[in-house]
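Residue strings, one per chain:
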Amino acid sequence: MIYNINVLIFAKNIAMKRLELLDYGRFFAATFVVLFHYTLNGFTSGKITSITYSEEIINFTKYGYLGVELFFMISGFVIFYSAKNRTASQFAVSRTARLYPAFWFAVLFTTTAALFWGGPLMSVTLPQFIANFTMAPRLIGFNPVDGVYWTLFLELEFYLLVFMFIFLGLQHRLNTLFLLWPFAIIGASLAGLGEVPYLGGMFTYFAAGAIFAIAREKRTVEVIVPLLVAFVYCVYYSSGQAAYLTRDKGVEYSALVIGLIISLFFLFFVALISKRGTELKLPKSTLLGGLTYPVYLIHNHFGYMVISQYATEKNKAFVYTVTFAIVVAVAYLMHYVIELKYGKTWTSLAWYVIGRPIEAINYHLSNKVTMLLKTIRARRG
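In this text, all values refer to a predicted model and were calculated from it rather than measured experimentally. (Residues numbered from 1 in each chain as written. Predicted model: local features only at pLDDT ≥ 70, side-chain atom pairs only at ≥ 80, totals over all residues. Heavy atoms only, no water.)

### Focus: the packing of aromatic side chains
Here's step 1: Taken as a whole and judged by the stated rule, the model has 38 aromatic pairs.
Here's step 2: The interplanar angle of 55 degrees and the centroid separation of 6.4 Å between the aromatic rings of F158 and F178 together place this pair among those described as tilted. Note that F158 is positioned in helix α8 (residues 150-167) and F178 in helix α9 (residues 174-190), a separation of 20 residues in sequence. Each member of the pair, F158 together with F178, is buried.
Here's step 3: For the ring pair Y233 and Y237, a centre distance of 6.2 Å and an interplane angle of 25 degrees mean the geometry is stacked. One end of the pair is Y233 and the other is Y237, both in helix α11 (residues 221-239) and four residues apart, which spans about a single turn.
Here's step 4: Classification of Y233 as buried rests on a relative accessible area of 8%. (Phe/Tyr/Trp six-rings, centres within 6.5 Å; stacked < 30°, edge-to-face > 60°. Helix = DSSP H or I, 4+ residues; strand = E, 2+ residues; numbered from the N terminus. Buried < 20%, exposed > 50% of the residue type's maximum accessible area, 1.4 Å probe, protein only.)

This is the structure in structure tokens:
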């Protein structure tokens, strides 16, 4: 009975109307990252060796890594609504069911490909394979099966922070957290504490996305000022990576171009929260949004393996086209089978494994607190 009630509550609490422009933003971010990996990063990391990269193409695609920053902004924006009016258990269930099933398949998919084409740089051991199912393998001494999975750990950290606020009954303080977060990150940076959890520069993007969600509902000075601070720091932080990237990738990066791209991301969100952006109807937006996460999960090492195995200077356009087509086709199957067809199954399973224990702990702690308060009042009386 408790399960049925909570599933009904869980289903009712989908607070955000689907924004079709946001789905386009998701797919753009994924495509931008794919272009970066396939046209530059695969070469500079030594994982694509059968061909050379094109100087003309990378003048644009070398900035594709910034798609991750856009992903983080989108995540902050969406999580604001995902956390709204939900209990800790409902929030944990929604995030678990959303992230893990597709991720587990991606780990299996990439590991299978590595058995055939992985070579020394992309091979996967059995302990590493098992450790990756946690989505946080580095915590137990293993590398991710695919290099792009480092971003998922930051997502988990962000979710954990939001979860703890809800679990501790501080849900009404989430707005304050997001609005003050950019100031805390800047303070940590000035104090040389950027390595402290949640105070690294990349977390500013999560905060910025969440603040845009707040700004969609109220556009007061208390919201606009933190948003401007987040914008300035994001531009400063990401532009400051230009020298490092130039040294690491062996190609010239412009701090000005990086700053302009980050500015465009913020302008995208300004358009998104406008009345016209909210009501905008775009073709195939739901499908493109649904493909984004699976494409991101499977494109990287699989693409490197296939391109390096089969591409030559003569056929590389064909191999690239086929590789991306395979990635999109597998992503579509992941989205349709794992996320749509069996989505309710994952939610039910997550409820039993994650949701119910959290509710039991919450109930137990609430009773303890109630008893403690009664004891204190009795002694005072």
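Still to come is the rest of the account.
### Regarding the nonpolar core
Here's step 1: Judged by nonpolar contacts, the single largest core of 117 residues is most densely connected at F77, F178, W181, F269 and L297.
Here's step 2: Not counting residues up to four positions away in its chain, the partners in contact with L297 are A102, F103, A106, T110, D146, Y149, L152 and M334. (Core = buried A, V, L, I, M, F, W, Y, C linked by side-chain atoms within 4.5 Å. Contact = heavy atoms within 4.5 Å.)

### Points about the confidence of the model for the protein
Here's step 1: Taken as a whole, the protein shows an average pLDDT of 93; of its residues, 94% reach a score of 70 or greater.
Here's step 2: Taken as a whole, residues 1-15 scores under 50 in pLDDT and shows 18 contacts with residues more than four places along the chain or in a different chain. (pLDDT = per-residue confidence, 0-100.)

### Digging into the packing of helix α10 (residues 203-217) against α11
Here's step 1: Two elements in contact, α10 and α11, have axes whose closest approach is 9 Å; the angle formed by their N-to-C orientations is 150 degrees. With respect to α11, the axis of α10 lies roughly antiparallel. Where α10 crosses over α11, the handedness of that crossing is left-handed. Contacts from T204, Y205, A208, I211, F212, I214 and A215 in α10 reach V223, P226, L227, A230, Y233, C234 and S238 in α11.
Here's step 2: Here the residues of the contact of α10 with α11 sort into twelve nonpolar, two polar and no charged. (Axes fitted to C-alpha atoms, helices over the stretch in contact; angles between N-to-C directions. Parallel < 35°, antiparallel > 145°, perpendicular 65-115°, else oblique. Left-handed = near helix turned anticlockwise from the far one by under 90°. Nonpolar A, V, L, I, M, F, W, Y, C, P; charged D, E, K, R; others polar.)

### Concerning the pattern of salt bridges
Here's step 1: If you walk through the whole model with that rule in mind, you get seven salt bridges.
Here's step 2: R18 serves as the salt-bridge partner of D23, at 2.8 Å between the closest nitrogen and oxygen.
Here's step 3: The class for D23 is buried, based on a relative accessible area of 0%.
Here's step 4: Across the pair R98 and E339 runs a salt bridge, and its minimum N-O distance is 3.0 Å. (Salt bridge = Lys/Arg side-chain N within 4 Å of Asp/Glu carboxyl O.)

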